[in-house]
Amino acid sequence: MVYDIAKLKEQHRRDLAKLSFDEKIPMLIRMQKIAREMARAGNSMASCGASARVSECNSPIQAEV
């Protein structure tokens, strides 16, 4: 399945614009946490090497709810 990233970003911006201020702040904080975790996971995978398996890297990827 192919996604049009530009359309998805625009739709996401519209969805965020519809939210009230009180709803936006927690949403943006959650998004920032997810982005940090993804960056950390990417950095730890890069340090493991291309041939290593994910389980061998022991990268702590946990979803916060």
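Our structure's up above, just so we're on the same page.
Residues numbered from 1 in each chain as written. Predicted model: local features only at pLDDT ≥ 70, side-chain atom pairs only at ≥ 80, totals over all residues. Heavy atoms only, no water.

Engineer: What am I meant to see in the pattern of salt bridges here?
Structural biologist: Two side chains carrying opposite charge are able to pair once their charged atoms lie near each other. What the rule picks out here adds up to two salt bridges. Between Arg-13 and Glu-10 there is a salt bridge, and its shortest N-O distance comes to 3.6 Å. Here Arg-13 and its partner Glu-10 are both found in helix 1 (residues 5-18), three residues apart, which amounts to about one turn of the helix. Here Glu-10 makes a salt bridge to Arg-14, at a shortest N to O gap of 3.9 Å. (Salt bridge = Lys/Arg side-chain N within 4 Å of Asp/Glu carboxyl O. Helix = DSSP H or I, 4+ residues; strand = E, 2+ residues; numbered from the N terminus.)

Engineer: Just to check I follow, could you spell out a nonpolar patch on the surface for this structure?
Structural biologist: Nonpolar side chains collect at one region of the surface, where Met-1, Tyr-3, Ile-5 and Leu-8 lie side by side and expose about 530 Å² of accessible area between them. Mapped onto the secondary structure, Met-1 falls in the segment before helix 1. When its relative accessible area of 87% is taken as the criterion, Met-1 is described as exposed. (Patch = residues over 30% accessible without salt bridge, like charges linked within 9 Å, V, L, I, M, F, W, Y side chains within 5 Å. Areas by Shrake-Rupley, 256 points an atom, 1.4 Å probe, with all protein chains shown as cover. Buried < 20%, exposed > 50% of the residue type's maximum accessible area, 1.4 Å probe, protein only.)

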